[in-house]
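Structural description and commentary
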Amino acid sequence: AQSVTQPDIHITVSEGASLELRCNYSYGATPYLFWYVQSPGQGLQLLLKYFSGDTLVQGIKGFEAEFKRSQSSFNLRKPSVHWSDAAEYFCAVTTNAGGTSYGKLTFGQGTILTVHP
Amino acid sequence: EAGVAQSPRYKIIEKRQSVAFWCNPISGHATLYWYQQILGQGPKLLIQFQNNGVVDDSQLPKDRFSAERLKGVDSTLKIQPAKLEDSAVYLCASSPRTLTYEQYFGPGTRLTVT
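Thresholds applied
Residues numbered from 1 in each chain as written. Chains lettered and ligands numbered in written order. Predicted model: local features only at pLDDT ≥ 70, side-chain atom pairs only at ≥ 80, totals over all residues. Heavy atoms only, no water. Core = buried A, V, L, I, M, F, W, Y, C linked by side-chain atoms within 4.5 Å. Buried < 20%, exposed > 50% of the residue type's maximum accessible area, 1.4 Å probe, protein only. Helix = DSSP H or I, 4+ residues; strand = E, 2+ residues; numbered from the N terminus. Disulfide = S-S within 2.5 Å. Salt bridge = Lys/Arg side-chain N within 4 Å of Asp/Glu carboxyl O.

1. With respect to the nonpolar core
Formed by 27 residues in total, the largest nonpolar core has its most connected members in A:Trp35, A:Leu48, A:Phe74, A:Leu76 and A:Tyr89. By residue number, the principal contributor to this core is strand S10 (residues 87–95) of chain A, which donates 4 residues. By size, the runner-up hydrophobic cluster in this structure holds 21 residues, among which are B:Val19, B:Phe21, B:Ile47 and B:Leu77.

Here you go:
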């Protein structure tokens, strides 16, 4: 069965510092990977996605992520964090392999980001 | 383009009562999803519709949860009777078609069962 692990429940960084949020997945088929952000009281907003091709993908709000198949990872990065980036971040995976998993998103448990001024 | 609409935004009920949530997806989106997000966890898929047909409801507790998407547009999710463990945020998402894999989420309905 597919699974996604986000090892860090809570991360605190200072404004202007760099950020890396970790995501590891377990998947038998070709994974399609996503990062979503959720602000308090809001739905999930897609930051970026990886389907194929260049393993370094750029997203909105200055975020990027790198797909590393050998490590089953899809870590999210930002070179300089802004106070408005404080939110909860979710990594998610789906597949194009067909069957009942087709298009079905499996989410990690989320990482809460706190930004200190 | 209007986003995914959900109502109500908040609901408080007592256990054993019934509750219904409504979702209106983005216009033209064929695929609709309902997720349950318990505090401190990622969203978990409850049911997926393609137009008005069910694609996946393997994680829907069918003894108490039901969902329908009449006419392939908006959808309702019902819980009857509610239990304390149903307290969660219920998220609706839609996708233009399954092959795009991109899902657009509504703001959610926060349910508290007391």
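2. Description of the state of the cysteines
Residues and elements named next belong to chain A. One pass over the full model with this rule turns up 2 disulfides over all chains. The side chain of Cys-23 participates in a disulfide bridge whose partner is Cys-91; the two sulfur atoms lie 2.0 Å from each other. Looking down the S-S bond of the Cys-23 and Cys-91 bridge, the torsion is -65°, so its handedness is left-handed. Of this pair, Cys-23 sits in the loop between strand S3 (19–21) and strand S4 (24–26) while Cys-91 sits in strand S10, and the two are 68 residues apart along the sequence. This pair shows no difference in class: Cys-23 is buried, exactly as Cys-91 is.

3. Structural notes on the pattern of salt bridges
Residues and elements named next belong to chain A. Across all of its chains, the model carries 7 salt bridges over all chains by this definition. A salt bridge links Asp-8 to Arg-22, with the shortest nitrogen-to-oxygen separation between them at 2.9 Å. With Asp-8 in the loop between strand S1 (3–5) and strand S2 (10–14) and Arg-22 in the loop between S3 and S4, this pair connects stretches of sequence that are 14 residues apart. For Glu-66, the salt bridge identified is with Arg-77, shortest N-O distance 3.2 Å. Remark: Arg-77 occurs in strand S9 (residues 73–78) and Glu-66 occurs in strand S8 (residues 64–68); sequence separation between them is 11 residues. For Glu-66, a relative accessible area of 23% puts it in the partly exposed group. Among the residues examined, Arg-77 registers a relative accessible area of 24% and is labelled partly exposed. Through salt bridges with shared partners, a single ionic network connects Glu-64, Glu-66 and Arg-77.

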